[in-house]
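Remarks on the overall topology
Okay, here's what each chain looks like letter by letter:
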Amino acid sequence: MDKFISHTGVAAPLLRINVDTDAIIPSREMKRVSKEGLGEGLFAGWRYLAQGARDPNPEFVLNKPDYAGASIILSGDNFGCGSSREHAVWALKEYGIRAIIAPGFGAIFANNCIRNGLLPIVLPDEAVKALAASVEKDPQTNKIHIDLEKKQVTGPGGKVYDFNIEDGPRDMLLQGLDVIGLTLRHKADIDAFKAKDRLARPWIYLERGG
Amino acid sequence: MAQTLFEKMWNIHRVTALEDGADLIAIDRVFLHERTGSIALKSLEAEGRALRNPALVFCTMDHIVDTFPGRTDETLMPSGKDFIQSTRASARRAGITLFDLGDARQGIVHVVSPEQGIALPGATIVCPDSHTCTQGALGALAWGIGSTEAEHAMVTGTLRVNRPKTMRVVFDGALLPGVTAKDMILHLIGAYTAAGGGGYAVEFAGAAVAALPMEARFTLCNMAVEFSAFSGMVAVDDTTIDYVKGRPYAPKGPLWDKAVAQWRTLHSDEGAVFDKEIVIEAGDIKPTVTWGTSPGHAVAIDGKVPDPSLVRDDNLRAAMERALAYMDVTPGQHLTALKIDAAFIGSCTNARLSDLRAAAALLKGRRVAQGVKAICVPGSTQVKLAAEAEGLDKVFTAAGFEWRESGCSMCFFAGGEHMGFQERVISTTNRNFESRQGPETRTHLASPLVVAASAVTGAITDPRDLMRGHDG
């Protein structure tokens, strides 16, 4: 898995609540059995003028020259709600997004981010809006800095915002851990648990074919 | 000490506490479908990782398949067959059980899993699909995950989970005639917002929930994710146990008795403490419809489109203003005045046999209004066959509904099929997001009764008006 330690980048404000994963990557843009080839479909419904076509909507934030190369999204509460499709995260990542700062995230989406080296940062609504205001005059110069070790976001004016993240997800991101490998270190515990559980709840343990 | 149902489930499944604060939770069942499961299986193959126990992993075809009669692997979306064929090949190699096209057990994952007795009371069930919470209605702990976490569950038999907080939503009293589980959940989300359940495992309780038949409980729990909850659950009772008995993968003989004895303990103890509690009087709930682009944009059917200028929260107000423009509705407008272009009965929310019966009872002897496209997609092939055995298909088709094969269908572009540009659709599905059902399509979520009544009149309609008409 990709590591996330620190990052400095252009931040694009998409300040609306409940940005759902259908908006991040519409069903019609998930065309292959692959984690790749999804960046073009990112925010397709908002980013392009007509469905299926690729004419950019000049009003959409990521299409504005000021926000070219954006790698951070600032958004409203409940970002990534809705469908569990991990394609939303793969699309963001392929586009070049490294972190999203919002007052809250869809739970499945936040997990999907961490499993793919993307950092979901929870900051209060006022802080997100203040960050958006601090970048908007010249987003290419007024970059945002994120330090996951210190758990801090620094705005272009030097204002520092502390954020919380659970230790588990933080370690996974800092070290780029192979999560399955990490869990398999507990294989003896799992085996012992399942052996005991099989006696307590034998009906759970189906044999092949029912 | 008195425990909540959730705490009991957590304790039964906790393998160990991890060094990072999460718990390692044993997973009893993994269900996959061809959109997100295909990629998980393919990824495991690429990494050379084996499944811990393929007998506990199931897969169905629902998200990409089309629903036209006589369907094949081909879909309207040219690459659709790649998902179907990739899933089929990977499932065979992994040794998991697949409910393929043409299999009488095929259907929408959250309909099929309980129907086959794969989801059981007291089980942990995960699927790379957000509506997995549906299956919590059995007194199970069921939640949606991503594809990468599905890989983790298949390889290790566990997931690393930070324990959510607990919430109980109590529906006291009794529902009025014409009011359904769909109206209960829309009412809840309308009152407490689409983010209201964030961080909580929700237990639905109270007299009105206990009175719900099993299929209605699935509808209630299905939209727990629309409330942003980790999961939704209902305690085990006779209704649960009667439902599970005799299902293909349910325990039999002495194992059944042993299982039932454990399942009978799966309820919150008297005096158990929840982190949050909400109480709703069921008798106050009316048929409920959404007017906007979030499931939280829900109002009683005899209500009006709300006025954002009365809302103090800036973010909610901005979202409402955006939704008003998208939906082409105005504050103060009566919902029942809205003309519709299409009516859709389907999805993991509301396409079980009881849903189709309720809609058919209203449609019998009536016709869909001129110019309204009406489609019914049974939740599973079993539901379709059972409906046909009692002649419901004839009622739907005589009324002017299309009668389809089972799949997710137009809940979202499944098979590449969708509603028309800016069409207004009354739908039994779960999400009214922008462009979810088609390009700029305007979706109004509602119960099967509301959808059937609206299909008949051509405008959003309170089903109780037509039900009264039938009575006399």
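Keep in mind that this is a model prediction, so the values were computed, not measured.

Thresholds applied
Residues numbered from 1 in each chain as written. Chains lettered and ligands numbered in written order. Predicted model: local features only at pLDDT ≥ 70, side-chain atom pairs only at ≥ 80, totals over all residues. Helix = DSSP H or I, 4+ residues; strand = E, 2+ residues; numbered from the N terminus. Rg over C-alpha atoms; globule rule 2.2 N^0.38 Å. Buried ≥ 20, exposed ≤ 12 C-beta atoms within 10 Å, placed from the backbone. Contact = placed C-beta atoms within 7 Å. Core = buried A, V, L, I, M, F, W, Y, C linked by C-beta atoms within 7 Å. Domains from an automatic or database assignment. Nonpolar A, V, L, I, M, F, W, Y, C, P; charged D, E, K, R; others polar. pLDDT = per-residue confidence, 0-100.

Here the focus is the overall build of chain B. Within chain B one finds 16 helices and 19 strands. For 472 residues, the compact-globule formula gives about 23 Å, and the C-alpha radius of gyration of chain B, at 21 Å, lands near that figure. Seen along its three principal axes, the alpha-carbon backbone of chain B occupies a region of about 55 × 55 × 45 Å. Considering chain B as a whole, with its 472 residues, one finds that 61% of them fall into the buried category. A sequence separation of at least 24 residues applies to 76% of the contacts in chain B between residues at least 6 apart.

The next subject is the nonpolar core. In terms of nonpolar packing, the biggest core is built from 216 residues, with Leu 74 and Ile 101 of chain A together with Val 30, Val 126 and Ala 359 of chain B touching the most fellow members. Each of two domains, domain 1 (16-159) and domain 2 (288-471) of chain B, supplies a minimum of three residues to this core. When residues no more than four places from it in sequence are discounted, the contact partners of Leu 74 of chain A are Ala 11, Ala 12, Pro 13, Leu 14, Leu 15, Ile 101, Val 128, Leu 131 and Ala 132 of chain A.

Right, let's talk about the interface of chain A and chain B for a bit. With 56 residues of chain A at the interface, the matching set in chain B holds 64 residues. Of all the elements in the fold, those that place two or more residues in the side of chain A that touches chain B are helix 1 (21-24), helix 4 (107-114), helix 6 (167-175), helix 7 (179-184) and helix 8 (187-200) of chain A. Here the side of chain A that touches chain B gets five residues from one element, more than from any other, and that element is helix 8 of chain A. Its residues placed into classes, the side of chain A that touches chain B shows 17 nonpolar, 18 polar and 21 charged.

With 99% of its residues at a pLDDT of 70 or more, chain B has an overall mean of 97. At the level of chain-chain contacts, confidence expressed as ipTM amounts to 0.96, with global pTM at 0.97.

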